[in-house]
Amino acid sequence: MNADLISKLYRGIILLFFFITLTGCELVGWKAEQDKNTLQEAGYTEHFLPLKDGGVMKFWVGGNGKPLLLLHGFGGTAISTWKNEMLSLNKDYMVIAPDLAWFGDSYSKGTPNLETQTDAVWQILDSLNINKVSVAGISYGGFVTYNMMTTPERIEKSVIIASPGPLFNDQDVGLLCERAEVDKPEQLFVPQNSDEVRRLFDHVFYKKKQMPDFIADQIYQNYFEPWREEKQQLITSLINDRTRINNYPVSELPPSMLVWGDSDQIFPLQNGLRLSKYLNTALVVIPETGHGVTNEQPKLVTKLLSSFI
């Protein structure tokens, strides 16, 4: 390589560095766009469904075979939570992956609670003429999954990942707040600045993420600032939802499997053990894994979903 070419490459690297440093280069948005392109190249199509009560649900559909619904957790989107699994599962299944209401490009004009959220997902399935589906949900998506399970005639099988369902009691909430050093759970799950984004990520992932200020700011602006009040209401309303779904007879729920990280700081493994006993169902524990199971262990999650479903 000649000296002139080396000099040009060096100048290009320096210019790129200063551009990123000075402008932030909206790397989070750029990454989301690249992931979107990757899914489209793999055959996924993007859809937008107007909701009956107002609003719109964005969802992805790709692949052929039995329908499999993937539900993301709090603060995430279909792509940010499930991209790697989506790229594998579409070989054997018709994968449907929505942005839940008030996340990503979806929102509803209904009351922010689990009922509204679940009804919006049913509307997606109805629009696709899917009467019965298998579903996997992580964290908040696990609460939606459990709520869907109370309509057992429409659920083939369900996989709940790192989500305690109706058994997350007031004592569990208090212990979560102690671990996160917050007064209320919504202060953890709905960050209001970049430092609070870092705090949430520190509790979600097994290995801490090194996050420059401009990246933390962009994550906040892209994923947490929109619909902030509605997100807070989703958290506070879970108390009433917990009581309601706990009244449904366990014996009538469809077949299920639980998946948990052994180092989950949001919903510790003991929550998974308790739910496994309550549902009388299998619990798969993944070592050296935190709460963000789908991001931390995508290959294993794909294998577990395929083998169970």
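First things first, this report covers the structure right here in the doc. (Residues numbered from 1 in each chain as written. Predicted model: local features only at pLDDT ≥ 70, side-chain atom pairs only at ≥ 80, totals over all residues. Heavy atoms only, no water.)

**With respect to the overall build of the protein**
Within the protein one finds 13 helices and 9 strands. Against the 2.2 N^0.38 benchmark of 19 Å for 309 residues, the protein shows a C-alpha radius of gyration of 20 Å, consistent with a compact globule. Along the first, second and third principal axes, the C-alpha set of the protein runs to 75 × 45 × 40 Å. Relative to its full complement of 309 residues, the protein shows a buried share of 52%. Only carbon and sulfur atoms are counted for the fraction: they give 52% of the accessible area of the protein, which is about 14,500 Å². Taken as two groups, the 28 positive and 36 negative side-chain charges of the protein have centres that lie 5 Å from each other. (Helix = DSSP H or I, 4+ residues; strand = E, 2+ residues; numbered from the N terminus. Rg over C-alpha atoms; globule rule 2.2 N^0.38 Å. Buried < 20%, exposed > 50% of the residue type's maximum accessible area, 1.4 Å probe, protein only. Areas by Shrake-Rupley, 256 points an atom, 1.4 Å probe, with all protein chains shown as cover. Lys, Arg positive; Asp, Glu negative; His and termini not counted. Charge placed at Lys NZ, Arg CZ, Asp CG, Glu CD.)

**Digging into the pattern of salt bridges**
Scanning all chains against the criterion turns up 13 salt bridges. Asp35 is paired through a salt bridge with Lys83; the nearest N and O atoms lie 3.2 Å apart. Taken as a pair, Asp35 in helix H2 (residues 27-41) and Lys83 in helix H3 (residues 78-89) lie far apart in primary sequence, 48 residues in all. (Salt bridge = Lys/Arg side-chain N within 4 Å of Asp/Glu carboxyl O.)

**Some remarks on the environment of Pro152**
On the secondary structure map, Pro152 appears in the loop between helix H5 (140-149) and strand S7 (155-161). Pro152 sits 103 residues away from Pro255 along the chain, and the two C-alpha atoms are 9.2 Å apart. Residues in contact with Pro152, not counting those within four places in the same chain, are Lys132, Tyr248, Glu252 and Pro254. (Contact = heavy atoms within 4.5 Å.)

**Some points on the environment of Trp102**
Along the chain, Trp102 falls in the loop between strand S4 (93-98) and strand S5 (107-108). Taking relative accessible area as the criterion, Trp102 reaches 1% and is therefore assigned buried. For the pair Trp102 and Gly55, spaced 47 residues apart in sequence, the C-alpha separation works out to 9.6 Å. Leaving out residues up to four positions away in the same chain, Trp102 has contacts with Tyr107, Ser108, Gly110, Thr111, Pro112, Thr116, Gln117, Trp227, Glu230, Lys231 and Leu234.

**Side note on the packing of aromatic side chains**
Scanning the model with the defined rule gives 8 aromatic pairs in all. When the ring of Phe74 is compared with that of Phe103, the centres are 5.0 Å apart and the planes differ by 80°; the resulting orientation is edge-to-face. In this pair, Phe74 sits in the loop between strand S3 (66-71) and H3 while Phe103 sits in the loop between S4 and S5, placing the two residues 29 residues apart along the sequence. Side by side, Phe74 and Phe103 carry an identical accessibility label, which is buried. (Phe/Tyr/Trp six-rings, centres within 6.5 Å; stacked < 30°, edge-to-face > 60°.)

**A word on the pairing of strand S6 (residues 133-138)**
Within S6, 6 of the 6 residues are buried, which leaves the element mostly enclosed by the surrounding structure. Where burial is concerned, the two faces of S6 agree: the one with Val133, Val135 and Gly137 and the one with Ser134, Ala136 and Ile138 are both buried. Here 4 bridges tie S3 to S6, and the two strands are oriented parallel to one another. Bridging from a neighbouring strand, Leu70 pairs with Ala136 of S6. Bridging between S6 and S7 involves 5 bridges; their strand directions are parallel. (Pairing = 2+ DSSP bridges.)

**A look at the nonpolar core**
Leu69, Tyr140, Met148, Phe189 and Ile219 are the most contacted members of the largest nonpolar core, which totals 54 residues. Beyond its immediate chain neighbours, meaning those up to four positions away, Leu69 contacts Ile96, Pro98, Val121, Leu125, Val133, Ser134, Val135, Ala136 and Met148. Ranked by size, the runner-up nonpolar core spans 27 residues in total, among them Tyr44, Trp60, Ala162 and Val301. (Core = buried A, V, L, I, M, F, W, Y, C linked by side-chain atoms within 4.5 Å.)

**A look at helix H8 (residues 194-204)**
Quick reminder: α-helices carry 3.6 residues per turn. Residues three or four places apart thus point the same way. Considered for burial, the residues of H8 that qualify are Ser194, Val197, Arg198, Leu200, Phe201, His203 and Val204. Its side-chain oxygen placed 3.1 Å from the backbone nitrogen of Asp195, Asn193 serves as the N-cap of H8. (Polar contact = N/O pair within 3.5 Å; in protein donor to acceptor, adjacent residues only side chain to side chain.)

**Details of the side chain of Gln218**
Relative to the helices and strands, Gln218 is located in helix H9 (residues 213-224). For Gln218, a relative accessible area of 6% gives the class buried. Side-chain polar atoms of Gln218 contact the backbone nitrogen of Leu27, separated by 2.9 Å.

**Looking at unusual backbone geometry**
One non-glycine residue, Ala162, lies in the positive phi region at around 50°. Look at Ala162 and you get buried, because its relative accessible area is 0%. Phi angles above zero are rare outside glycine, and Asn280 is one such case at about 55°. Along the chain, Asn280 turns up in the loop between helix H11 (269-279) and strand S9 (282-286). Of the residues examined, Asn280 reaches a relative accessible area of 73% and is grouped as exposed.

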